[in-house]
4 protein chains.
Amino acid sequence: MIYFQCDYAEGCHPKVLEKLIETNLEQSEGYGLDAHCDHARALIRKACGTPDADVHFLVGGTQTNTTVIASVLRPHQGVIAADTGHIACHETGAIEATGHKVLTVPNENGMLSGAQIRTYCQSHYDDAAFEHMPQPGMVYISYPTESGTLYTKAQLEDISAACRDWKLPLFIDGARLGYGLTSPACDLTLPELARLCDVFYIGGTKCGALFGEAVVITNPKLKKDFRYAIKQHGGMLAKGRLLGVQYEALMENGLYFSICRQAVDYALEIHDAFAKKSVPLFGTSQTNQQFVVLTDAQRAQFDGKFAYEVWGPAETGTVVRFCTSWATTRANVDALLAAIAAL
Amino acid sequence: MIYFQCDYAEGCHPKVLEKLIETNLEQSEGYGLDAHCDHARALIRKACGTPDADVHFLVGGTQTNTTVIASVLRPHQGVIAADTGHIACHETGAIEATGHKVLTVPNENGMLSGAQIRTYCQSHYDDAAFEHMPQPGMVYISYPTESGTLYTKAQLEDISAACRDWKLPLFIDGARLGYGLTSPACDLTLPELARLCDVFYIGGTKCGALFGEAVVITNPKLKKDFRYAIKQHGGMLAKGRLLGVQYEALMENGLYFSICRQAVDYALEIHDAFAKKSVPLFGTSQTNQQFVVLTDAQRAQFDGKFAYEVWGPAETGTVVRFCTSWATTRANVDALLAAIAAL
Amino acid sequence: MIYFQCDYAEGCHPKVLEKLIETNLEQSEGYGLDAHCDHARALIRKACGTPDADVHFLVGGTQTNTTVIASVLRPHQGVIAADTGHIACHETGAIEATGHKVLTVPNENGMLSGAQIRTYCQSHYDDAAFEHMPQPGMVYISYPTESGTLYTKAQLEDISAACRDWKLPLFIDGARLGYGLTSPACDLTLPELARLCDVFYIGGTKCGALFGEAVVITNPKLKKDFRYAIKQHGGMLAKGRLLGVQYEALMENGLYFSICRQAVDYALEIHDAFAKKSVPLFGTSQTNQQFVVLTDAQRAQFDGKFAYEVWGPAETGTVVRFCTSWATTRANVDALLAAIAAL
Amino acid sequence: MIYFQCDYAEGCHPKVLEKLIETNLEQSEGYGLDAHCDHARALIRKACGTPDADVHFLVGGTQTNTTVIASVLRPHQGVIAADTGHIACHETGAIEATGHKVLTVPNENGMLSGAQIRTYCQSHYDDAAFEHMPQPGMVYISYPTESGTLYTKAQLEDISAACRDWKLPLFIDGARLGYGLTSPACDLTLPELARLCDVFYIGGTKCGALFGEAVVITNPKLKKDFRYAIKQHGGMLAKGRLLGVQYEALMENGLYFSICRQAVDYALEIHDAFAKKSVPLFGTSQTNQQFVVLTDAQRAQFDGKFAYEVWGPAETGTVVRFCTSWATTRANVDALLAAIAAL
């Protein structure tokens, strides 16, 4: 069985593993206060072009989303998100568990727009009973989105401007950031993304690390006491240097980007193969996740040989996801391409 | 200015006030442990045909919804509600503030259906990643709904059956219960409603009391420790007997029902007057709230003379609400009817 | 049976009731946006010497404490309080239910001190693992305390200075404020108290109203969006004007103070009567609650005739509370004095 | 600098690392649903003598404590713990952040007793206002305690009996379980411990793993929906098999126990060395953490050579902690013993 089910099926990139092995018996301070974390922070600040940013390492995505959002919002506030946003769908109500409503707006291709933010806020304050509704307090988007799509630079600038006009911090979930920034469709740089939001993270779990998410806080107002928040949400890893070590490996020599780029390239080959066979694409993903609609007969040709993720029912079959990652091999891609060609 | 804006513009029914005056200097136990509360509980149990129900008195609706829901759900659970449900819209995220997501389904005329509950639950457990989503843990409906509509007995039986099949307690928000049960369109009795759900409340604030909501818990599994929940949510009135006294007045000789029936009758006269003038009705309310779409010119004819509630924009004007209550007078209704006739 | 059990056994002062009766059928805006509330706010601002303060009306003490504290703190912060503080003991964990730890310090006679605040904060930040502990975020005291004692002006100035040095908002629970400010032992004025803290409330429930607590926010930083907080915590009374009307009655002509002063005078007579009989006093209350240690034989002489509150066991008997209120009559006090004299 | 500061300064035991390397590029299901996790679960059930227990893997201690406690308690309940308990002291109020008060009782040598539990519960329900206080809902103890001490089997049986009498689930924090069960002072087996409580965990982070805590739920009533709770609290590791793999390594051939035993032996050598020099011991730890009171002069002899943890001030100097772990080497212990001998 060859896995294209998700981008977290394997362990970590060999260079990350090597560095973990190499440092395994070093002794260091706990809780992210060690030299490896400091070095990784410096590398990240440099890559982001944000010399003054605070950088924190957490373990996983739900934890990171919850910690950031709960740290930013006041109790009567909610977070605006697309209805397909991870926090709206797939975190077992973790945001609500911290007391905050996710204020959803309908997605278009996995994305929301600056206009939707403006309309939401305007409507909120236009309502005579506005204090009877949660106040919009920040905006959450994913880059790339859960649907694999990418905001253009112009779209992100529009969202950013809407947020700043309404004084809403903008938080970008970068669980798959590497797969977004290295897509040929991406017209943004990491420093540009950093400049357009207030806090974001560089996902490690899905992009070469065993686990780990690097939160970058660029807005000085959001920095205060963030380590308390991490600890309270169970995200302060005792052996925090494990995160530093992994990010050192990923950020040195652009490893993070080169391994993600390859995964995207493979994904686009898969995309093209499906398109060539006129298998209907679901959405317009330009990153490492590709969604297609398969008939039962087509699924039967994959089953037992290739693992993919069932996304949901479609009128003409089933939406499924094929996912590449830093660990996907040329051989496995070729096997899949052959199977697609044989549909 | 004559108010038709809401059903909480005045104080309380004269008979309620009389009883408050009469008992004002009595000395009693605090926190709902007094003889008036006990007597009111007995009257309520009798009216509901639920000799074993627990009855608790709280002050307001948001408080009551929050206390009941937070008491019933486990942390990973959410409450299914129509997207027009009060808890989904107008409680400043109070449910989320206790950690729970409101799981909305699209309303039809302010209502949800048994089929929607079944589909929601089936889909939840059919999803391979179901543990990544909040578990449906109870169902919330309003009777009458926020749109003034009424579930038929058959509809409520269907909802109730769906809830029991999926082991979801059914909670009925009865903030305006009196205006529902006394509508000519109602084919339910109070004991039938009590039998079909697990917990509900008999709204006092909008139905003749200064304030107060009487929670009736019929499902024995939901009874345990509810007084702790009331206290924790700030709902345990020190002078709890004020609630008992008011419900004594309301439940004796059917006062609660007779004053609500009159309000509904007045509302239906208003409804008919608008219909007669072909003013478009918004929804199909059969209770004390009537929603119509007015043009700006029509609004101008009311403004300065009649207060109504602006509900939102409509294509051809503005949706507004005219609301009667136990306090609405014949004279004020006649004045409004004349104004409508003059449109 | 004559009640000295608590200060919430009766309804409200006749002048408050009169005003409720008089305004009962007036029509007004809901949710505290009416003219009575505005007038009451003006009267309170004037009495406090705080022309710029925000004034909000809530229903009860636990609700008020929870709403204020949850509005002020960030999620990783706790509130410093004496271990006898109401929020630490008798609110069913309502503060914790909003996510915050009550950081208790040992009380002395129901009070904490500026030195304790300074030590707590110093120790917190001196600890290398300070981020592993809740951060002190505000201070809560009660005036008078739950033990009936009063901070002197000097003590309160010391607490206030400690709070300002450590940038901690100071919140004063004034559930029984009237009984504190009118004690002969009080060397503070209401404007002085207002000046020394950031937010406090003028308790109504125990001081002449049916219910109600008037929150006065003097620190501009704490004002923003407080009405959202009230609504979310279920404290926004639909018929909000009921609170305004009651505070109008209480604040006009100093009624609040005159009725509280009388209650304190009665309490001190009771205090002196016990002292004269050498019944051991428990604590040094100078307000309307008096605590004494009774033997079983002494209790037997009261039982069936006078209701008092059992406070807890003592080495030589039982600590009990005798409580006067605005409703206590001369005749009832005389009866109690006679019974004490007969011990 | 030689570290005796904590038991999480290094990475993981070489055998654990080896297995991580070996399985690094395997493809598996995420979220703990893989074969390695299943195998590790089987090994753990066997070691605990609990064939029917549910076993879940989480990442860290605070996360685990929070997830278990929030899953067990109803909203109005608190958790009884010693005032030195980790949840009471060093988790940034994580338990309170889920809405629950930690109900502390004074520790004796880091421990609480069955008698304290009984007294707490009896007092709670004896109080007339018991519903105004959080209800005791479960009991939390640590084995070994945060002070390094160990409950005897008799003490644990007494606690367990008290819990069962009051229907309180007993939760044992086993962050350092290995160091407890392998102490010469331990008179308990792992199956006995499992039998005496309702849920506990076998700590990995401090006992040979990179990270990881294995929760064992023996009480069937506590099993339902625990995976939702893990996900909601951000504890469901995407690459869950990393936890399974590590526990496979630790549980095979008793590695977990043999490496912990060695650490305890070293710690007791350190203990004896201090005792021999009459350096005052702080507490009576029988496990891998040793607490002593050092004078400033004595500290000066260690500083720059040995890292230890400052625990707090003592009358005659400073309480400090020396901590061994699975990674402590004979050579480092010998160096420390020599330094102690030279005091």
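Rules used throughout
- Residues numbered from 1 in each chain as written.
- Chains lettered and ligands numbered in written order.
- Predicted model: local features only at pLDDT ≥ 70, side-chain atom pairs only at ≥ 80, totals over all residues.
- Heavy atoms only, no water.
- pLDDT = per-residue confidence, 0-100.
- Least-squares fit on C-alpha atoms with pLDDT ≥ 70 in both.
- Contact = heavy atoms within 4.5 Å.
- Helix = DSSP H or I, 4+ residues; strand = E, 2+ residues; numbered from the N terminus.
- Core = buried A, V, L, I, M, F, W, Y, C linked by side-chain atoms within 4.5 Å.
- Buried < 20%, exposed > 50% of the residue type's maximum accessible area, 1.4 Å probe, protein only.
- Buried area = accessible area lost by both parts, 1.4 Å probe.
- Salt bridge = Lys/Arg side-chain N within 4 Å of Asp/Glu carboxyl O.
- Polar contact = N/O pair within 3.5 Å; in protein donor to acceptor, adjacent residues only side chain to side chain.
- Nonpolar A, V, L, I, M, F, W, Y, C, P; charged D, E, K, R; others polar.
- Pairing = 2+ DSSP bridges.
- Axes fitted to C-alpha atoms, helices over the stretch in contact; angles between N-to-C directions.
- Expected span 1.5 Å × (residues − 1).
- Parallel < 35°, antiparallel > 145°, perpendicular 65-115°, else oblique.
- Left-handed = near helix turned anticlockwise from the far one by under 90°.

A.B. asks: Looking at this structure, I do not really get the confidence of the model for chain A. What am I missing?
C.D. replies: Atom-level detail of predicted coordinates should not be read off regions where pLDDT is low. Averaged over every residue, the pLDDT of chain A is 97; residues scoring 70 or more account for 100%. Both scores are available for the predicted complex, with the pTM at 0.98 and the ipTM at 0.97.

A.B. asks: Sorry, what's going on with the relation of the copies chain A and chain D here?
C.D. replies: In summary, the two copies of the chain are related to each other by a rotation about an axis coupled with a shift along it. Mapping chain A onto chain D is achieved by rotating through 180° and translating by 0.0 Å along the same axis, at an RMSD of 0.0 Å. When the rotation and shift are considered jointly, the pair of chain copies conforms to a two-fold rotation axis. Here 100% of the interface residues in chain A have copies in chain D that are interface residues too; the copies meet face to matching face.

A.B. asks: How should I be thinking about the environment of Ala339(C) in this particular structure?
C.D. replies: Residue and element names in this part refer to chain C. Summarising the element assignment, alanine 339 is placed in helix H14 (residues 330-341). Separated by 161 residues in the primary sequence, alanine 339 and glycine 178 place their C-alpha atoms 28 Å from one another. Sequence-distant contacts of alanine 339, that is, excluding residues within four places in its chain, are made with Phe302 and Phe306.

A.B. asks: When you look at the nonpolar core in this model, what are you seeing that I'm missing?
C.D. replies: Burial of nonpolar side chains together is a common tendency in soluble globular proteins. Phe200(B) and Phe200(C) are the most contacted members of the largest nonpolar core, which totals 135 residues. Top element by residues in this core is helix H12 (residues 255-276) of chain C. It accounts for 8 residues. With sequence-adjacent residues up to four places away left out, Phe200(C) is seen in contact with Cys48(C), Phe171(C), Ile172(C), Leu177(C), Leu190(C), Leu193(C), Ala194(C), Ala214(C), Val215(C) and Val216(C). Residues Cys121(A), Leu20(D), Leu170(D) and Val264(D) belong to the second largest nonpolar core, which totals 134 residues.

A.B. asks: Just checking my understanding: could you explain the interface of chain D and chain C for this structure?
C.D. replies: Quite often, the size of an interface is put as the accessible area lost when its parts meet. Contacts between the two partners involve 17 residues from chain D, matched on the other side by 17 residues from chain C. Counting the surface lost from both chain D and chain C, the interface buries some 1,300 Å², and carbon and sulfur atoms represent 50% of this. When residues of chain D are sorted by the area they lose upon contact with chain C, Thr92(D), Glu96(D) and Lys101(D) head the list and together hold 39% of the total. Between Glu96(C) and Lys101(D) there is a salt bridge, and its shortest N-O distance comes to 3.3 Å. Inspection of the region where chain D meets chain C yields 10 residue pairs in polar contact (both at pLDDT 80 or more). Looking at the side of chain D that touches chain C, the element that brings in the most residues is helix H4 (residues 86-89) of chain D, giving 3 residues. Residues belonging to the side of chain D that touches chain C are distributed by class as follows: 6 nonpolar, 7 polar and 4 charged.

A.B. asks: Explain the sheet that holds strand E9 (residues 289-294) of chain C here, please?
C.D. replies: Working definition: the strands of a sheet are paired by backbone hydrogen bonds and lie parallel or antiparallel to each other. Residues and elements named next belong to chain C. Strand order in the open sheet formed by 3 strands is E9-E12-E11, and the pairing between neighbours is antiparallel. Looking at strand neighbours, the two that pair on one side only are E9 and strand E11 (309-314), the edges of this open sheet. Each adjacent strand pair in this sheet contributes to an overall mean axis angle of 25°, direction not counted. Of the strand pairs in this sheet, E11 and strand E12 (residues 317-323) are connected by 5 bridges, and their pairing is antiparallel. What sits directly across from alanine 314, in E12, is glycine 317.

A.B. asks: Is there a simple way to think about helix H3 (residues 61-72) of chain B in this case?
C.D. replies: The α-helix advances 3.6 residues per turn, and as a result positions three or four apart in sequence lie on the same side. Residues and elements named next belong to chain B. Between its first and last C-alpha atoms H3 spans 17 Å; for 12 residues at 1.5 Å apiece the expected length is 16 Å, and the two agree. H3 sits mainly inside the fold: 11 of its 12 residues count as buried. Regarding H3, the residues found buried are Thr62, Gln63, Thr64, Asn65, Thr66, Thr67, Val68, Ile69, Ala70, Ser71 and Val72.

A.B. asks: Can you walk me through the side chain of Asn219(C) in this structure?
C.D. replies: In this fold, Asn219(C) is placed in the loop between strand E8 (213-217) and helix H10 (226-232). A polar contact is formed between the side chain of Asn219(C) and the backbone nitrogen of Lys221(C), at a distance of 2.9 Å.

A.B. asks: Whenever I open this one, the packing of helix H1 (residues 14-23) of chain B against helix H11 (residues 241-251) of chain B confuses me. Can you help?
C.D. replies: For any two helices packed against each other, the geometry comes down to the angle between their axes and how far apart the axes lie. Residues and elements named next belong to chain B. At a closest axis distance of 9 Å, the pairing of H1 and H11 adopts a crossing angle of 135°. Taken together, the axes of H1 and H11 lie oblique to each other. Judged by the sense of rotation from one axis to the other, the crossing of H1 with H11 is right-handed. Of the residues in H11, those in contact with Lys15, Val16, Lys19, Leu20 and Thr23 of H1 are Arg241, Leu242, Val245, Gln246, Glu248, Ala249 and Leu250. Its residues assigned to classes, the contact of H1 with H11 shows 6 nonpolar, 2 polar and 4 charged.

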